[in-house]
There are 2 protein chains.
Amino acid sequence: MPTPIGFIGLGIMGQPMALNLHRAGHPLHLYARRPETLTLLSEQGATIHSSPKELATQVDLIITLVSDGPDVESLLFGPEGICQGAHPGTLIIDMSTIAASTSRQIAMRLAEQQLHFLDAPVSGGQTGAIAGNLSIMVGGEPAQFARALPILNILGQQITHLGPSGSGQIAKTCNQILVSQMLVAVGETLLLAKAAGVDPAAVRQALLGGFANSRILDIHGQRMLDHQFQPGFKTKLHHKDIRIALQTAAELGLALPGTALAAQYFNALMGTGKGELDSSALVLAQEQLSDVHLNDQSPHNYQRSITP
Amino acid sequence: MPTPIGFIGLGIMGQPMALNLHRAGHPLHLYARRPETLTLLSEQGATIHSSPKELATQVDLIITLVSDGPDVESLLFGPEGICQGAHPGTLIIDMSTIAASTSRQIAMRLAEQQLHFLDAPVSGGQTGAIAGNLSIMVGGEPAQFARALPILNILGQQITHLGPSGSGQIAKTCNQILVSQMLVAVGETLLLAKAAGVDPAAVRQALLGGFANSRILDIHGQRMLDHQFQPGFKTKLHHKDIRIALQTAAELGLALPGTALAAQYFNALMGTGKGELDSSALVLAQEQLSDVHLNDQSPHNYQRSITP
């Protein structure tokens, strides 16, 4: 018999993920701070609750997918929060991207109340959420991972158990520092071609055939060329994830100069009102820096030159 | 009838490339500063010449594949150089990685002597050279590109004509700044996992399933995990290529902060005697910086902690 699932966080990712769970036959129990996000699933028969506490009384398994650590803590431990309604043995799967250290603290605090916790952040963007082929990185006890797996298999294609609590968040942080630096690198690559008078679209195509091949060059490189910055994955979330990465690095005493550089671009994007754009908009900050623009209509073979 | 081909530069890349031309039936004419590199192809019937000048008298098409701009200029314009022996109409295809501005100057100088020139640097490493599936980025006149294409098709899989002289070098520079920054990013990614007590090999595997997927994470990430730094592509050559990239950026008045950061790691590698290692050895400099080592045998789930 399909497990009833509590789901809190029906944003750009959560909405299609919850829909996939519904289609797989799982009765959904929902709560949302923004009631307008409930419309679609409510019409499909989901049960709507007036608080996380009320929702928690009705299910054994709850998925949370919100913006940051404080949001998760408030859902769990706040007034009318999950912990006030949940019964012992309930499993909470947090698919938000938050700091690994926060995730570990939450798991310990929940354990005191005989509540189980997995950190299970995702990669793959809105397209992956819709297609149900997300990459899901999980931290927590093996028995709870086994319990969650049939549900996670509906949402994702590659599901990896990386170790105890916080390990999934570390893997997600790794993902974000890699992607952020690749955005910087792809931006510099296309702008060098543009400034030198060589068609950046042709360079992207040529590079996809060699060692420089990557999904970021392919997908985000094309977005940069087209100046098409509809998210996708919002800059303000990437900005938050990089803050988490640098916080984690500081806790570990680990120098991450490349990540620190990428963070500066996200700061500049936030400071110029671009938080709602796809994070490939990083190239806009790079374009401003040297006044070279990928959407400039001057013909290729026009080489920029400077007077030294 | 197969075109006789002059080939100068039988290094880690040139040797297998020349062999592929030989196997395709093209009579080879060779010259080498280091005679020991001639042994294999000489045994297969290649004609050996005592100077670039002498070689140039015997063929209509010459491939050069040496280390840097001054090496190419010396082969062409030096005493006993190609220009002293070549007849009008000869096509010189330079597959070395040199500065685009140097490449453009060479093309103009050769044109005065009715000699044709293409810049055609490659990506794909030694494995691509052996398999004949290199990515080749070409700059120069369309008619000469058409003339070279049947030969280039033997050496590579993706052959792109990017524009006039120097355009191929710009594309290669773009490739190198992208790859160098991806090496930095992959190194930071694996070291963050290691420092946080999560198995970096499992993180690499999980990330290959998401947006962070790339050939560098796949191939060079594995080399970093194994501390297996046999080239591949030598650090000293990547160091040279990044110097070219920063020179080109300076000529264009273009800021490339990510590339400049990667350059610092290559400087550190050269200063610590690692020039002959594969460029994935960049992670060794990153390991030194924070004293976190991927080949450290301490168990995973051992989390590094600092006293603030």
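**Q** Which residues make up the domain arrangement of chain A, and what values do they have?
**A** Residue and element names in this part refer to chain A. Domain boundaries in chain A define domain 1 (5-164) and domain 2 (170-301). Inter-centroid distance (C-alpha atoms) of domain 1 to domain 2 is 30 Å. Every contact between the two is made by 15 residues of domain 1 and, on the other side, 13 residues of domain 2. Taken together, both faces of the contact between domain 1 and domain 2 bury some 1,100 Å²; the carbon and sulfur share is 56%. Connecting domain 1 to domain 2 are one salt bridge. Linking R243 and D68 is a salt bridge whose minimum nitrogen-to-oxygen distance equals 2.6 Å.

**Q** An account of the packing of helix α9 (residues 167-195) of chain B against helix α13 (residues 257-271) of chain B is requested, with residue identities and associated values reported.
**A** All names here are of chain B. The geometry of α9 relative to α13 is characterised by a closest axis approach of 9 Å and an angle of 70° between their N-to-C directions. Judged on the interaxial angle alone, α13 and α9 are roughly perpendicular. For the pair α9 and α13, the contacting residues are I177, S180, Q181, L183, V184 and E188 in the first and G258, T259, A262, Y265 and F266 in the second. Split by residue class, the contact of α9 with α13 holds six nonpolar, four polar and one charged.

**Q** Summarise the pattern of salt bridges; cite the residues concerned and give the values.
**A** Using the criterion set out here, one finds 14 salt bridges over all chains in the structure. B:K236 serves as the salt-bridge partner of B:E276, at 2.9 Å between the closest nitrogen and oxygen. Residue B:E276 is found in the loop between α13 and α14 (282-290), and its partner B:K236 is found in helix α12 (residues 235-252); the two are separated by 40 residues along the sequence. Since its relative accessible area comes to 43%, B:E276 is described here as partly exposed. Under the relative-accessibility criterion, B:K236 is labelled partly exposed at 35%. Notably, a salt bridge pairs B:K240 with B:D241, separated by 3.0 Å at the nearest N-O pair. Each member of the pair, B:K240 together with B:D241, is buried. One network of salt bridges, with partners in common, ties together A:K234, A:K236 and A:E276.

Basis of the calculations
- Residues numbered from 1 in each chain as written.
- Chains lettered and ligands numbered in written order.
- Predicted model: local features only at pLDDT ≥ 70, side-chain atom pairs only at ≥ 80, totals over all residues.
- Heavy atoms only, no water.
- Domains from an automatic or database assignment.
- Contact = heavy atoms within 4.5 Å.
- Buried area = accessible area lost by both parts, 1.4 Å probe.
- Salt bridge = Lys/Arg side-chain N within 4 Å of Asp/Glu carboxyl O.
- Axes fitted to C-alpha atoms, helices over the stretch in contact; angles between N-to-C directions.
- Helix = DSSP H or I, 4+ residues; strand = E, 2+ residues; numbered from the N terminus.
- Parallel < 35°, antiparallel > 145°, perpendicular 65-115°, else oblique.
- Nonpolar A, V, L, I, M, F, W, Y, C, P; charged D, E, K, R; others polar.
- Buried < 20%, exposed > 50% of the residue type's maximum accessible area, 1.4 Å probe, protein only.

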